[in-house]
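Below are the chains, spelled out letter by letter.
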Number of protein chains: 2
Amino acid sequence: MMAKNEIPMALRAAYLALHRRSEARFAPHGITADQFVLLATLARGDALTQRELARRMPSDPSTVRAMLVLLERDDLVKRDTHPTDARARTVHLTAAGKRKFRQLWKAGESIRAQMVGSLQLHEAETLVRLLGRVAESLDAERVPVD
Amino acid sequence: MMAKNEIPMALRAAYLALHRRSEARFAPHGITADQFVLLATLARGDALTQRELARRMPSDPSTVRAMLVLLERDDLVKRDTHPTDARARTVHLTAAGKRKFRQLWKAGESIRAQMVGSLQLHEAETLVRLLGRVAESLDAERVPVD
DNA sequence: TATTGTTATACTCTATAACTATA
DNA sequence: TATAGTTATAGAGTATAACAATA
């Protein structure tokens, strides 16, 4: 079998394994894996607009909005009107949200350790590099419709 | 930044890019990316039980059942009672299902070409190998709860 | 005119638990 | 007792389209 035809399924299998393990790990904290990604994105760069947050995740603005409603209900994020653009709203982590994210990051540590433990250091670096290359190649912006 | 902490997000970004491109590509055929995976699994090994099908995808039996109901409605798969186990049902592609899968495989060709085109041959092989290693390390069976 | 976000809506996937039938 | 599948149920993510407010 050619590697070409195996890449999609290998990628899917690895991601789904990660996703399911993360769901199970975060469930006791009342957080989904995708909500974790949202919190992590905010932890990296706070006070993003919803649009910018959606772009970075990446996800759809209306999807992000639905997620924010849930996270705001649990007091993990807060939305304020943008200082200079009255259409936009900025999103940031609350104190409880920051605390929760630190907990989750710690809770996920052993999953990350497990993944990297199956690889040599140079292999881990290679994997990240190749995944980045593949993701970029699939970027919809740069793709003819054919 | 250590590669260790980047692996999960790099994996997610690459998978989501693939998933979204696949959804868009298959949508005109009335098929979702996950339904494609189910059809592909059947195309590889026909007449599986629902349980075995779920194990190979991998997915949950009740999820698979929901998907099968949709695909059966569209006459792409058919379920029969198992020849020796009256509890079980075997699943197979209909003629229309096989035809549809061939169409979808062809429709997805340029996506696979695009992914592999961003890599050298040995890199593609390395990627598949490393993804397999990572997926295996996350296999829930072999994991202490901690 | 274009952009940000909201709302309504619909669909798919996901998964648990209780259940029936069978091994 | 264990297993295969069904059913009911619930929740989450996904995404399109129409809309209001603002740039």
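Scoring rules and cut-offs
Residues numbered from 1 in each chain as written. Chains lettered and ligands numbered in written order. Predicted model: local features only at pLDDT ≥ 70, side-chain atom pairs only at ≥ 80, totals over all residues. Heavy atoms only, no water. Pairing = 2+ DSSP bridges. Helix = DSSP H or I, 4+ residues; strand = E, 2+ residues; numbered from the N terminus. Buried < 20%, exposed > 50% of the residue type's maximum accessible area, 1.4 Å probe, protein only. Polar contact = N/O pair within 3.5 Å; in protein donor to acceptor, adjacent residues only side chain to side chain. Contact = heavy atoms within 4.5 Å. Near = heavy atom within 4 Å. Axes fitted to C-alpha atoms, helices over the stretch in contact; angles between N-to-C directions.

**Q** Looking at this structure, how should I read the sheet that holds strand 1 (residues 48-49) of chain A?
**A** Think of a sheet as strands paired side by side through backbone hydrogen bonds, with each pair either parallel or antiparallel. Residue and element names in this part refer to chain A. Ordered in space as 1-3-2, the three strands form an open sheet in which the pairing is antiparallel. The open sheet has two edge strands with one neighbour each: strand 1 and strand 2 (77-81). One ladder, built from five bridges, connects strand 2 with strand 3 (residues 89-93); its direction is antiparallel. From the neighbouring strand, valine 77 faces strand 3, where its bridge partner is leucine 93.

**Q** Would you mind going over the side chain of serine 22 of chain B with me for this structure?
**A** Residues and elements named next belong to chain B. Following the sequence through the fold, serine 22 ends up in helix 1 (residues 3-26). We classify serine 22 as buried; its relative accessible area is 9%. From its side chain, serine 22 meets the backbone oxygen of leucine 18 in a polar contact 2.8 Å long. Excluding residues within four positions of it along the chain, serine 22 makes contact with Ala33 and Ile111.

**Q** For this particular structure, what's the right way to read the pairing of strand 3 of chain A?
**A** The two faces of a sheet get side chains in turn, since along a regular strand they alternate between them. The sheet contact formed by strand 1 of chain A and strand 3 of chain A spans two bridges and is antiparallel. Within strand 3 of chain A, the residue paired with leucine 48 of chain A across the bridge is valine 91 of chain A.

**Q** Help me understand the protein's contact with DNA strand C in this model?
**A** Near DNA strand C, the surroundings consist of 23 residues, among which Arg51, Arg65, Arg87 and Arg89 of chain A together with Thr32 of chain B are the closest. Here the atoms of DNA strand C within 4 Å of the protein split so that 74% fall in sugar or phosphate, with bases taking the remainder. Glutamine 50 of chain A places a side-chain nitrogen or oxygen 2.7 Å from a phosphate oxygen of DNA strand C. Here a phosphate oxygen of DNA strand C and a side-chain polar atom of threonine 32 of chain B are 2.7 Å apart. Residue assignment for the surface near DNA strand C shows that the elements contributing at least two residues are helix 3 (50-56) and helix 4 (61-73) of chain A together with helix 2 (33-44) and helix 4 (61-73) of chain B. In terms of residue count, the dominant contributor to the surface near DNA strand C is helix 4 of chain B (four residues).

**Q** Looking at this model, I keep getting lost on the sheet that holds strand 1 (residues 48-49) of chain B. Mind explaining?
**A** Residues and elements named next belong to chain B. Spatially, the three strands line up as an open sheet ordered 1-3-2, and their pairing is antiparallel. In the strand order of this sheet, the two ends are held by strand 1 and strand 2 (77-81), each with one partner. Those strands touched by helix 4 are strand 2 and strand 3 (89-93), and its axis lies near 115° from that of strand 2.

By themselves these figures say nothing about function.
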